[in-house]
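Notes for the structure review
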Amino acid sequence: MSATSPHAATQPLTMSGAEVVLRALKDQGVEVIFGYPGGAVLPIYDAIFQQNAIRHILVRHEQAAVHAAEGYARSTGKVGCVLVTSGPGATNAVTGLLDALMDSIPLVCLTGQVPTHLIGNDAFQEADTTGITRPATKHNYLVKRSEDVARVVHEAFHVARSGRPGPVVIDLPKDILINKAPYVEAPPATQPHRSYRPVTTPDMAQIRKAVALMKQAERPVIYAGGGVINSGPEASRLLGDFARLTGFPVTNTLMGLGAFPSQDPQFLGMLGMHGTYEANLVMHGCDVMLNMGARFDDRVTGKLSHFAPTAKKIHADIDPSSINKNVKVDVPIVGDAGQILAAMIQVWKEDSQPPMREALSAWWRQIDEWRGKNCLQYVQQGKIIKPQHAVKRLYEITRESGRETFITTEVGQHQMWAAQYFGFEKPNRWMTSGGLGTMGYGLPAAMGVQIAHPDALVIDIAGEASILMNIQEMATLCQYRLPVKVFILNNEYMGMVRQWQELLHGGRYSESYSAALPDFVKLAESFHGVGLRATEESQLDDVIREMLATDRPVIADICVAKDENCFPMIPSGAAHNEMILGPGQEGGVAGVTDEGKVLV
């Protein structure tokens, strides 16, 4: 058919499969890919070389590529994009994919694969990527026809961002990337997908049931999780509006921090294993609980048979499979958190039934008594730096600076201290590995955040053990001049392991001491970054200020007390009213009975 044929304009544009991939990524709004090349994906890298629309960030390990894309996605609300090769490239990405699945982070990961005629022959760098990643992804694809490439890429982005967000893998055989393929435009956003149509609009009958229950509540609580943040900034604003409208106390999960301002007087702090005294006792003693976008994780619920034993439970979640999975609830609501909150506000205002104001005032008086415990109080004295003090001073000094600040963490005691002592007033400023608890998450996640927000202050609050899991990414930071700050609380132990060994295993510290640690100052310098150290309290503020003022990647080695434990703590298998507030102290005995009666 000639180029001048009247039918030529309707013919799809034909190019290599690799070029189709990049064209589809560009049309999906991708600006950055985090990746690492290898033989099976060289056609895509060749296509990347010949265009300027999409930026590629060369990481030093495929796991780090996924964590970086997670940080990018969580701080922007966009879908993160990853590119890795076949075999070990794909298997190295699995930890990051599972991390994203458990924390509901939207990602599309492109993996290379051996040519289609070699699949199943144990070819060089072959792995059953779709089989391996099936339990670690929301969905995955093995593309076997070049004409399917564009459609699959567009569909993958729709699946990743719609409903409960999550990671999607596209496995691309090398011959599919080399062969010619037609380019097909993405369907209009208003056009429903033929098979994947998650429910986002709530059932108004369920909304009315929930509001009627809340209007009768004497001891209510709003328990908000990462689903509020995933819904977008408007959902967090609506959460604040609803809290002020009702006068209810609010607590956040680890993943939900920032969905409700930490300085708001209605905020109880984080709940769960290392949550505050007041948040956990409110959860135990409440009579009506609104779970907004959380999944009743075991670190939040504690002992299930004793979890909020007298409460009527409302569970609002976009994922219907999460409802009644861990905790049986009284009013299930399926939908997007923002839409649910908007509907609740509307119905609350329309409902003429007055709330239980007198009972709510008594509830707040009880909450204030629990707050009087000041469960996060610590004593900083002498030269040795308390880790709590290090995080609190970091928070206070960054607030003084007035800069837009994003925090990532590794996993362990430092993660919990960061959650307890670093306040978040806005959503999308806190990036941590919640469900999977992945050591090595924080540094590459900070890299992704810094790429997305080049003028912002990005700090990875780390432990000396976790940071070594992906320390090679210091090279990526320096190559791309990303001024990420690594703030290590160095107690020379795998701190949370040591704490559990002390409290639960008779002080038998089996393999939890980090012997032969590197000199982190010299390590930073070897990567062409800046290394700083504070060994006593009098040096702490100066080191923090120098770290913030340095426009280069920094590792700040903060040498803290080696034997400090993270409290409050709900021991494994215990209930919310069985907290340990400190050595030898159990907070629940003066709080709430299992029957929900308040003990004053």
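Residues numbered from 1 in each chain as written. Predicted model: local features only at pLDDT ≥ 70, side-chain atom pairs only at ≥ 80, totals over all residues. Heavy atoms only, no water.

**Thoughts on the environment of histidine 505**
Mapped onto the elements, histidine 505 comes out in the loop between α20 (495-504) and α21 (520-526). Its relative accessible area of 41% is what places histidine 505 among the partly exposed residues. Taking the C-alpha atoms as reference, histidine 505 lies 32 Å from tryptophan 430; in sequence the two are 75 residues apart. (Helix = DSSP H or I, 4+ residues; strand = E, 2+ residues; numbered from the N terminus. Buried < 20%, exposed > 50% of the residue type's maximum accessible area, 1.4 Å probe, protein only.)

**Regarding the sheet that holds strand β3 (residues 55-58)**
Spatially, β3-β2-β4-β5-β7-β6 is the arrangement adopted by the six strands of the open sheet, whose pairing is parallel. The open sheet has two free edges, formed respectively by β3 and β6 (139-142), since each of these has just one partner strand. Going across the sheet, the axis of each strand differs from the next one's by a mean of 20 degrees, ignoring polarity. Where strand β5 (residues 107-113) and strand β7 (residues 167-173) come together, seven bridges link them in parallel fashion. (Pairing = 2+ DSSP bridges. Axes fitted to C-alpha atoms, helices over the stretch in contact; angles between N-to-C directions.)

**Considering the confidence of the model for the chain**
On average, residues of the chain score 94 in pLDDT, and 95% of them reach the 70 mark or higher. Low confidence marks residues 1-8, where pLDDT is under 50. Its contacts with residues over four positions away, or in another chain, come to five contacts. Low pLDDT, under 50, characterises residues 586-600; the predicted model gives this stretch 44 contacts beyond four residues in sequence or across chains. (pLDDT = per-residue confidence, 0-100. Contact = heavy atoms within 4.5 Å.)

**Details of the UniProt feature "domain: Thiamine pyrophosphate enzyme N-terminal TPP-binding" (unreviewed entry) in the chain**
Feature annotation in UniProt places "domain: Thiamine pyrophosphate enzyme N-terminal TPP-binding" (unreviewed entry) on residues 15-130, given in this structure's numbering. The span residues 15-130 shows a helical share of 43% and a strand share of 19%, and its end C-alpha atoms are spaced 26 Å apart. (UniProt positions renumbered as here; feature names shortened; annotations may be inferred.)

**With respect to the side chain of threonine 251**
Structurally, threonine 251 is set in strand β10 (residues 250-252). The exposure class assigned to threonine 251 is buried, which follows from its relative accessible area of 0%.

**Brief notes about the sheet that holds strand β9 (residues 220-224)**
The six strands lie next to each other as β11-β10-β9-β12-β13-β14, forming an open sheet whose pairing is parallel. Only two strands of the sheet have a single partner each, and these edge strands are β11 (267-270) and β14 (331-334). Averaged over all adjacent pairs, the angle separating strand axes in this sheet is 15 degrees, with direction ignored. Against the sheet, helix α12 (residues 277-285) touches β9, β10, β11 and β12 (288-292), its axis set at about 105 degrees to β11. Most of the contacts of helix α15 (residues 357-371) go to β11, to which it runs at about 45 degrees, and overall it touches β9 and β11.

**Brief notes about the domain arrangement of the chain**
In terms of domain boundaries, the chain breaks down into domain 1 (8-178), domain 2 (204-371) and domain 3 (387-559). For domain 1 versus domain 2, the distance between C-alpha centres works out to 37 Å. Taken together, the contacts link seven residues of domain 1 with six residues of domain 2. Joining domain 1 to domain 2, the criterion identifies one salt bridge. Among the ionic pairs, aspartate 319 bridges to arginine 164, the shortest N-O distance being 3.0 Å. Summed over the shared surface of domain 1 and domain 2, the number is two residue pairs in polar contact (both at pLDDT 80 or more). Tallied by class, the residues present in the side of domain 1 that touches domain 2 amount to two nonpolar, two polar and three charged. (Domains from an automatic or database assignment. Salt bridge = Lys/Arg side-chain N within 4 Å of Asp/Glu carboxyl O. Polar contact = N/O pair within 3.5 Å; in protein donor to acceptor, adjacent residues only side chain to side chain. Nonpolar A, V, L, I, M, F, W, Y, C, P; charged D, E, K, R; others polar.)

**Brief notes about the packing of aromatic side chains**
Here a ring pair, both rings aromatic, is described through the centre-centre distance and the interplanar angle of the planes. For the structure shown, the criterion picks out 13 aromatic pairs. With a centroid separation of 5.7 Å and an interplanar angle of 80 degrees, the aromatic rings of phenylalanine 296 and phenylalanine 307 are classed as edge-to-face. Linking phenylalanine 296 in the loop between β12 and α13 (298-301) with phenylalanine 307 in the loop between α13 and β13 (312-317), this pair joins segments that are 11 residues apart in sequence. Phenylalanine 307 carries the same exposure label as phenylalanine 296, and that label is buried. Seen from their ring centres, tyrosine 493 and tyrosine 513 are 5.1 Å apart, and the 70 degrees between their planes marks the pair as edge-to-face. Taken together, the residues tyrosine 493 in the loop between β18 (485-490) and α20 and tyrosine 513 in the loop between α20 and α21 connect sequence positions 20 residues apart. Tyrosine 513 gets classed as partly exposed once you look at its relative accessible area, which sits at 44%. (Phe/Tyr/Trp six-rings, centres within 6.5 Å; stacked < 30°, edge-to-face > 60°.)

**So, the pairing of strand β2 (residues 32-35)**
Alternating residues of β2 divide into Val32 and Phe34 and Ile33 and Gly35, and every residue in both groups is buried. By the bridge criterion, four bridges tie β2 to β3 in an arrangement that is parallel. Of the residues in β3, the one forming a bridge with glycine 35 is leucine 58. Handedness of the crossover joining β2 and β3 through helix α2 (residues 42-49): right-handed. Where β2 meets strand β4 (residues 80-84), two bridges bridge the pair, whose relative direction is parallel. Opposite phenylalanine 34, over in β4, you have valine 82 as the bridge partner. (Right-handed = clockwise from strand over helix to strand, strands pointing away.)

**Some remarks on the nonpolar core**
Membership of the largest hydrophobic core comes to 104 residues, with the highest contact counts inside it found for Met214, Met344, Phe487 and Ile558. The biggest single contributor to this core is helix α14 (residues 337-350), with eight residues. Two domains each donate at least three residues to this core, and these are domain 2 (204-371) and domain 3 (387-559). With sequence-adjacent residues up to four places away left out, phenylalanine 487 is seen in contact with Ala390, Leu394, Ile459, Asp460, Ile461, Ala462, Leu540, Ile544, Met547, Ala556 and Ile558. Residues Val82, Ile471, Val484 and Phe527 belong to the second largest nonpolar core, which totals 48 residues. (Core = buried A, V, L, I, M, F, W, Y, C linked by side-chain atoms within 4.5 Å.)

**Description of the UniProt feature "domain: Thiamine pyrophosphate enzyme TPP-binding" (unreviewed entry) in the chain**
Sites flagged by UniProt as "domain: Thiamine pyrophosphate enzyme TPP-binding" (unreviewed entry) map to residues 411-557. Between the first and last C-alpha atoms of residues 411-557 the distance is 17 Å; the span itself is 38% helix and 16% strand.

**Description of the pattern of salt bridges**
This structure, assessed with the given rule, holds 24 salt bridges. For arginine 429, the salt bridge identified is with glutamate 404, shortest N-O distance 2.2 Å. A residue pair is termed long-range when its members are at least 10 positions apart, and arginine 429 in the loop between α17 (413-421) and β16 (430-431) and glutamate 404 in the loop between α16 (387-401) and β15 (405-409) qualify at 25 residues. Through salt bridges that share partners, Glu234, Arg237, Asp241, Arg244 and Asp264 make up one connected network.

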